[in-house]
Amino acid sequence: MDITHALPLLGGMSPERFMKQYWQKKPLLIRQAIPGMKPLLDRAALFDLAASQEVESRLIEQVLPAKKAQRQSTWRMRHGPFERRALPALKQAAWTLLVQGVNLHHDAVDALMQQFRFVPDARLDDVMISYASEGGGVGPHFDSYDVFLLQAHGQRRWQIAAQKDLSLQEGAPLKILANFEPEQTWVLEPGDMLYLPPRYAHDGVAMTGDCMTYSVGFRAPKQAELGQEILQRLAEDLSDAPELLYKDRQQSAVTEPARLPEGLTAFAHQALQAALKDPLALQRSLGEYLTEPKAQVWFEELDDDEADDHSLSELANTQGVTLDRRTRMMFDDRHVFINGESYLAGGRDARLMRQLANDRALSGKDWRTASSAAQELMLDWCLRGWLRVSSGS
Ligand code: SIN
Ligand code: CO
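The structure presented is a predicted model; accordingly, all values stated were derived computationally and were not measured.

A. Representation of the overall build of the protein in the model. Scanning the protein from terminus to terminus reveals 10 helices and 17 strands. In terms of principal-axis extent, the alpha carbons of the protein reach across some 80 × 70 × 45 Å. Classification of the 393 residues of the protein by burial places 42% in the buried group. Long-range contacts, defined here as pairs at least 24 residues apart, represent 76% of the contacts in the protein between residues at least 6 apart. For the protein, the computed accessible surface area is about 21600 Å², with 51% contributed by carbon and sulfur atoms.

B. Expanded view of the sheet that holds strand 16 (residues 361-362). Reading across from one edge, 16-12-17 is the order of the 3 strands in this open sheet, with antiparallel pairing throughout. In this open sheet, the two edge strands, each paired with only one partner strand, are strand 16 and strand 17 (387-389). Where strand 12 (residues 321-323) meets strand 17, 3 bridges bridge the pair, whose relative direction is antiparallel. Within strand 17, the residue paired with threonine 322 across the bridge is arginine 388.

C. Quick peek at the coordination of the cobalt ion (ligand 2). Protein-derived coordination of the cobalt ion (ligand 2) comes from His141 (NE2), Asp143 (OD) and His202 (NE2), at a distance range of 2.0 to 2.1 Å. Mapping the donors of the cobalt ion (ligand 2) onto the primary sequence gives the spacing H-x1-D-x58-H. You can see histidine 141 sitting in the loop between strand 5 (124-132) and strand 6 (147-153) and its partner histidine 202 sitting in strand 10 (residues 201-206), a full 61 residues away along the chain. Accessibility classification places histidine 141 together with histidine 202 in one group, the buried group.

D. The arrangement of the site of ligand 1 in detail. Taken together, Met128, Ser130, Val138, His141, Asp143, Leu149, Arg156, Trp158, His202, Thr213 and Ser215 make up the full set of residues near ligand 1. One nitrogen or oxygen atom from the side chain of serine 130 is found 2.8 Å from an oxygen atom belonging to ligand 1. Take histidine 202: an N or O atom from its side chain is 3.2 Å from an oxygen atom of ligand 1. Surface burial for ligand 1 is 94%, taken as the share of its 260 Å² of free accessible area covered by protein chains. Split into classes, the residues belonging to the shell around ligand 1 amount to 4 nonpolar, 5 polar and 2 charged.

E. Looking closely at helix 8 (residues 347-359). Over its 13 residues, helix 8 runs 18 Å from end to end, which matches the ideal 18 Å to within 8%, given 1.5 Å per residue. The set of residues buried in helix 8 consists of Asp349, Ala350, Leu352, Met353, Leu356 and Ala357. The arc enclosing the buried residues of helix 8, seen along the axis, measures out at 165°, which places them on a common side. The exposed residues of helix 8 that point more than 90 degrees off its buried face are Arg351 and Asp359. Remark: arginine 360 follows helix 8 within two positions and exhibits a positive phi of approximately 60°.

F. Unusual backbone geometry, seen in detail. With an omega of 0°, the peptide bond running from glycine 80 to proline 81 counts as cis. Of note, proline 81 is situated in the loop between strand 3 (74-79) and strand 4 (95-99). We note that glutamine 24 has phi near 65°; this positive angle belongs to a residue other than glycine. Note that glutamine 24 resides in the loop between helix 1 (15-21) and strand 1 (28-30). Look at glutamine 24 and you get partly exposed, because its relative accessible area is 43%. The backbone of arginine 360 shows a phi angle near 60°, a positive value even though the residue is not glycine. Looking at where arginine 360 falls in the secondary structure, it is placed in the loop between helix 8 and strand 16.

G. Geometry of the nonpolar core. Of all hydrophobic cores here, the largest spans 43 residues; its most connected members are Phe18, Leu97, Phe116, Phe148 and Tyr214. Only strand 1, helix 2 (43-50), strand 4, helix 3 (107-114), strand 5, strand 6, strand 9 (193-196) and strand 11 (211-218) provide two or more residues apiece to this core. Setting aside residues up to four positions removed in sequence, phenylalanine 148 forms contacts with Leu10, Phe18, Trp23, Phe116, Phe118, Met193, Leu194, Tyr195, Tyr214, Ser215, Val216 and Phe218. Leu312, Ala345, Leu362 and Met378 belong to the second-largest nonpolar core, a separate cluster that totals 26 residues.

About the cut-offs
Along each chain, numbering runs from 1 in the same order as the chain's sequence is written. As they are written, the chains are lettered A onward and the ligands numbered 1 onward, keeping that order. Local features in this predicted model are restricted to residues of pLDDT 70 or higher, and side-chain atom pairs are both shown and tallied only at a pLDDT of 80 or more, whereas totals for entire chains, interfaces and linings draw on every residue. Side-chain metrics in this entry use all non-hydrogen atoms of the structure; hydrogen atoms and water are not considered. To qualify as a helix, a DSSP run of H or I must reach at least 4 residues; to qualify as a strand, a run of E must reach at least 2; elements of each kind are numbered from the N terminus. With a 1.4 Å probe rolled over the protein chains alone, any residue whose accessible area is under 20% of its type maximum counts as buried; one over 50% counts as exposed, and the rest are partly exposed. For this analysis, residues touch if any pair of their heavy atoms sits within 4.5 Å. Methods summary: accessible areas were calculated by the Shrake-Rupley approach with a probe of 1.4 Å, and residue burial reflects only the protein chains presented. One requirement defines pairing of two strands: DSSP has to find at least two bridges between them. Coordination here is defined by N, O and S atoms within 2.8 Å of the metal (3.2 Å for Na, K and Ca), and since water is not considered, a site can look incomplete. Being near a molecule or strand, for a residue, means having at least one of its heavy atoms within 4 Å of it. What qualifies as a polar contact is a pair of N or O atoms within 3.5 Å, subject to a donor-acceptor requirement within protein and to the restriction that residues adjacent in sequence count only when both atoms come from side chains. In this count, Pro and Cys sit with the nonpolar residues alongside Ala, Val, Leu, Ile, Met, Phe, Trp and Tyr, while Asp, Glu, Lys and Arg are called charged and the others, Gly among them, polar. Under the convention used throughout, the expected extent of a helix is 1.5 Å for every residue step, that is, one less than its residue count. Our arc is simply the arc of the directions from the helix axis toward the C-beta atoms. Residues enter a nonpolar core if they are buried and are Ala, Val, Leu, Ile, Met, Phe, Trp, Tyr or Cys, with the set joined through side-chain atoms within 4.5 Å.

Interpretation note: all reported values are geometric properties and have no functional meaning in isolation.
In C-alpha cells form, the structure reads like this:
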C-alpha cells in the first residue's frame, strides 16, 4: 500500500497523514468513505453466523422507560449462539445483535479489513457487525480501543463527546455512561464512516430498521498481560535448560537458621537473567503471542486426497499460495511468526516469507524461488490449513 496516496476511505487523506493527525488523537467523520456501499452479507447470513457455536454474538435489548419522569432505560444482554427464533421480531424496536469476528468467516469482510492494513497487523483485531431494529443501540459508552464505524445499511445517528467523566451506570449488564453529554451529532448513511480514538464517549442509535454497522476494531496489549504471556513462554524455554544446582561452599555456620541466605537471593537473580540471556527470546515470545489465533479459531486440515504432497507442490508451483483468512502471520528482523509458532529465517527465504506475510500471498513464480526447505515448510502449512494453493485463473 502506498501510504502517501490519498484514499477515499480516509476522506481523501493519505494513511500517512491520518496516522499523524488523527490516530489515537481525535475523531474523524468521513462521508462516503466507501461510495455505493452495500452490505457484504445480508441479514439472513448474519443471523446464520449468530446461530453458530464458533461465532461470538450478543443480543442487547433496551426497555424504554414507561414514564417520562424515569430517565434511564433498562438494558438486557444475552450471549449467543442464537437460533433465529430466539431473536426478537424484526418490527420490535430497540434491539441490537452484535456479531464478532465476521472477517474470520467471510471473504468480502476479510477483504474490507485488509483496507485498514496501514495500521500494523499486530494492532488489527476484527470486524464486528451490528444489526439493529429501529431505535436500537448499545447505549452511550466508551471503548478501550480505536474503532472505525462504517455504516453498511440504513441510517444511524452518532453522538460523540470528549468528556472526561467516564463513570458508568451501576447495575447495568453492559458499560453505559452515567452522564453522557453529546457534543456533536451526525446521521450516517451507507458508506459513511466515523473514526474514534480510544475512550471517546459515543452513542449510536438506529434511525431505521435493518440498520447495519461494521466496526473495524483494534487491539492493544495490556502491559501486565503481555508481561505474563512473555514470562510464561520464557519459563517454558527454561524448563529445557541444563540443570544448574545452587552451591554454597562458602556458607558459614548460622545463628539465625530461619534467615534466607544472601547467596540464594543472588542465585534467584541469576536464574531470571538466564531466562532473558538469549536476546532473541523476548522477540520470539512476543511474535508467538501476537500471532496466536483466537480461542474460537480452528483450521481445517487437508484430507488425504487433497494432501498428496506431489500434486500440492505442483499446484503451488504454478498458481502460488494464499494465506487462509484466519492465519495470523508477522515477522521481525530475525523471525517469521505464524499462528503462534516461530521460525528463524534469513536470506532469500526470509524475504519471501516477509512478502507472504505482507501480501498474504505468493505467486507461483515467487514460490519457485524458495529453497526446498522453505517449500517443504510451506507445504506443511498447507496441510494444516494455514495456507492454501491459490485458485487458478
Ligand atoms: C454498534 O454498532 O451498535 C456499536 C458499535 C460501537 O459503539 O462500538
Ligand atoms: Co463503541
